[in-house]
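Coordinate analysis (summary)
Letter by letter, the chains look like this.
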Amino acid sequence: MNLLEIKDFSLEIGNTTILNGVNLKLREGQLHGLIGESGSGKSLTSLSVMQLLPSGSETSGSIRFDGREITALGESEMCDLRGNEIGMIFQEPMTALNPLMSIGDQVAETIRIHTPMSPAEAQAKAAKVLARVGLPQDKFPMSRFPHELSGGQRQRVGIAMAVALRPRILIADEPTTALDVATQAQILDLLKQLVEEEGMALLLITHDLAVVADLADEVSIMRHGEVVESGDALPLFTNMQHAYTKQLFSASTHVPTRKSVKPSEDGRLLEVAGLVRAYPKARTSLFSKREVFRAVNGVSFEIHQGENVGLVGESGCGKSTLARAILGLDRVQGGTIRLKDAEISAEKKIGHSQRRAMQVVFQDPYGSFNPRHRVSRLVAEPLHVLPDAPIGKERERLVADTLEEVGLRAEDTEKYIHEFSGGQRQRIAIARALIIRPSLIILDEAVSALDVSIRAQILDLLADLSDRLTLSYLFISHDLSVVRAVTDRVLVMQQGVIVEQGNTEELFSAPEHPYTRQLISAAPDLNLAVERRQHSELRRN
Amino acid sequence: MADRSFLAEMRRNPSLVIGFVLSSLFIVGAVISFIWTPFSVEDVDIANKLRQPDAEHWFGTDHFGRDIFSMILVGARISIAVALIAVGVGMVIGVPLGLAAAANRGSLLDEIIMRGNDLIFAFPSLVIAILITAVFSPTATNAIIAIGIFNIPVFARLSRGAALSLSSREFLLAARVAGKGPVRNSIEHILPNMTNLLIVQGTIQFSLGILAEAGLSYVGLGAQPPTPSWGRMLAESQTMFSFAPHLALFPGLAIILTVLGLNLLGDGLRDFFDPRIRRARQ
């Protein structure tokens, strides 16, 4: 029996077709993965089920929940369904919780909206649910507020709110995208457990095939508002029919081809020795001494000419702080940074010759550009560190060439940044870094915000550039599969300290430090997951 | 910016249209008053005093028989000039101070600038304005200085805050990595990205300036007679309010409509100049 059945459902918002004849079935006790890149309509599919569509939406087709036609229900009937029969978990655990309410009250509130419980009963029930999702009262009292919890714990509260009334369907919209790999694995385990033990149906929406590969019973692939392929997970993964599914799969496991470089011992480009970056913490009381938080605590490493080095670690481990210090953006409290045998420090003015040796590409393709300048000006920005920067026609020529080098067109120079997609913007960011031909580019989560197929293209571009121009990268990422694909050497960072470093392949195949092992085992791996499932399938037969 | 896109934008943005029409009405009136007014505002005509509005005197006449419509036109000139220059003074001094404070965040310079701002903010503005105009003789110039001083901390705080929030944006980090110094970044990246804030705050301060000028002239410390001013017209009308309410009505309406128009205009301009909001609406 299908608990949820979406049939030929179409959605238009202000004359733009968002969903086009979507078909989707969800059975009791089943975990259904809905996969698509940004803009594919996967989130609006879930909002259609909740009937939480933006104003100006026109729909056709049918959505049946337990045999009832949802699209025909009124708002008050939908309110009964939401939370009670259909629960929802959101991507961003901080914004999905009310910061002024304790976690116990938030869960209890959800319960009291739908059931005639007394406040005390609701509190007791909330305590049970919170313990169920891994927040037992003795460790996490219900009087805690969201800001006192970590991201993973907040997401657990979000899950508790969604499952408090034991809904029959749980919709999770990118529930782990904002979380670290280790936390992601725990949350996915919890969701899987809830489905198995409570018999709920889970619609897990994600852009990441690897996330669902281990868990899902059925999978649907969405693109441009249509479900292009759908079916049981394992047959679908092993025998993909639609071209887009194949493309998505290969993009997710994409490894760019690179010439392997043998870095020469004397070609030292960057030397970091004993680097300390410390912040004073807030005073605990008026007269106490301010304690110091060491975000980067005695970090030493080297990057050689033409070498690609990865820096991995969880969010908050000090990766980006380290990058900022190397770039000379922040003062350091100890240690030295030498680039091409000249010291870098934020106190002194950094010479143009050093500036031209090092550039950066940031994560956010939207915030990285001044929205009021044209591309020609944005890309040409670093040129002023050149003593003989070209002017006039020559400058235009250089900007156009650099754009073509990163796969854009020379005509794009006259456009503004908002006319480009996320992937194109990241290409422009690379062009801006590249235009002065630096020796080192720091890539701070440079592909993390991109869809998998775009990410594969950008990784190819980076690999190609580094081969052709003997460029070094410091590739900072929380995504281990990406780091493994593009780097020669990896540094693993935990709480401001580099706990392990070594040749990429050696380190990934034989990690020594327990933290490295934990990171690697928690990271979802699409190929491995499919293999594992094939094995267990074989064993069962 | 092409005129065509401006016209297209006008149709989509009613507050811009209304604000633009109201504000330009008074600005045009003020400009016209330089070359022509229906009657001279300095001629006393006792025979025609306190006339109700009619075809000859559109807004009626006051207790000296002067044409109120003409006085409103000339008064617009004073109000707009005083408020505009005062806002200009505030911006020209306040914005660089704020940017300098933001660029040297936490330094002694930052402290001096911002505590100085707090000091000015802590004084009741109208009292200080009265003090200044009373000490240095009540003229329009002194009114400008008095109102202008109180605009400085408004713009300094606004631009410091905006600059600080912009300075953590990645495009400013990228510019610093590209080797650009704080002065250059402030001019090239920060200032253009806070123009919409400055425009909105500028129009609000402009309207507050008009109110402040009216207040100063109301207590007799603005432009001196015989130069007409909206504030003084209101002050003079209050003893005759029971039998000649039109004396208060027209200058009062002029103040309200100008202030309203400027506020709407500021709002509309902010939307117009911001490429992101424009794109979202298209």
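Below is a short write-up of the structure.

Comments concerning the interface of chain B and chain A
- Chain B puts 23 residues into the contact, and the matching count from chain A is 25 residues.
- Between chain B and chain A the total buried area reaches about 2200 Å² when both faces are included, carbon and sulfur atoms providing 52% of it.
- Its largest share of buried area at the contact with chain A, chain B owes to Glu-170, Val-177 and Ala-178 of chain B, together 28% of the area lost on that side.
- The interface formed by chain B and chain A includes two salt bridges.
- A salt bridge links Lys-180 of chain B to Glu-381 of chain A; the shortest N-O distance between them is 3.1 Å.

Concerning the sheet that holds strand β10 (residues 226-232) of chain A
Residue and element names in this part refer to chain A.
- With respect to topology, six strands assemble into an open sheet ordered β6-β7-β8-β3-β9-β10, the strand pairing being mixed. Looking along the sheet, the strands with just one partner apiece sit at the ends: β6 (86-89) and β10. Averaged over neighbouring strand pairs, the angle between their axes works out to 15° when direction is ignored.
- Pairing analysis gives four bridges linking β6 to strand β7 (residues 169-173), with the strands arranged parallel. For Met-88, the partnering residue across the bridge sits in β7 and is Ile-171.
- Each of β3 (31-35), β6, β7 and β8 (201-206) touches helix α6 (residues 181-198); the most contacted strand, β8, lies at about 155° to it.
- Against the sheet, helix α9 (residues 243-252) makes contact with β3, β9 (218-223) and β10, and its axis sits at roughly 100° relative to β9, the strand it touches most.

What about empty space enclosed by the protein?
All names here are of chain B.
- Tallying each qualifying case throughout the model produces three cavities of 30 Å³ or more.
- For the largest cavity, the calculated volume is near 70 Å³.
- If you trace the largest cavity, you find it lined by Asp-62, His-63, Ile-68, Met-71, Met-233, Glu-236, Ser-237 and Leu-247.
- Breaking the lining of the largest cavity down by element, the ones donating at least two residues are α3 (68-103) and α10 (230-237).
- When residues of the lining of the largest cavity are assigned to their parent elements, the largest contribution, three residues, is made by α10.
- For the lining of the largest cavity, a count of residues per class yields four nonpolar, two polar and two charged.

Conventions adopted
Counting starts from 1 at the beginning of each chain's written sequence and moves along it residue by residue. Chain letters start at A and ligand numbers start at 1, both assigned in the order the entries are written. Where local features are concerned, this predicted model is filtered to residues with pLDDT of at least 70; where side-chain atom pairs are given and counted, the filter is 80 or more; whole-chain, interface and lining totals use all residues. Excluded from the side-chain calculations are hydrogens and water; all other atoms, namely the structure's heavy atoms, are used. By definition in these notes, contact holds between two residues if any of their heavy atoms fall within 4.5 Å. Joining two parts hides part of their accessible area as seen by a 1.4 Å probe, and the buried area is that hidden amount summed over both. By definition, a salt bridge exists where a carboxyl oxygen of Asp or Glu is found within 4 Å of a side-chain nitrogen of Lys or Arg. Whether two strands pair depends on DSSP finding at least two bridges between them. Put simply, DSSP marks the helices as runs of H or I at least four residues long and the strands as runs of E at least two long, and each gets a number from the N terminus on. Axis definition: a line fitted to C-alpha atoms, over the contacting stretch in the case of helices. Angles run 0 to 180 degrees between N-to-C directions. Only protein atoms enter the 1 Å grid used here, on which a cavity is any set of points holding a 1.4 Å probe that cannot leave and a pocket is any open set flanked by protein within 12 Å on both sides along at least five of seven lines; residues with an atom within 4 Å of a point are listed as lining. Grid points are joined across faces, edges and corners, and a volume is the space filled by probe spheres set on the points. Polar here means any residue outside two lists: the nonpolar Ala, Val, Leu, Ile, Met, Phe, Trp, Tyr, Cys and Pro, and the charged Asp, Glu, Lys and Arg; Gly therefore counts as polar.

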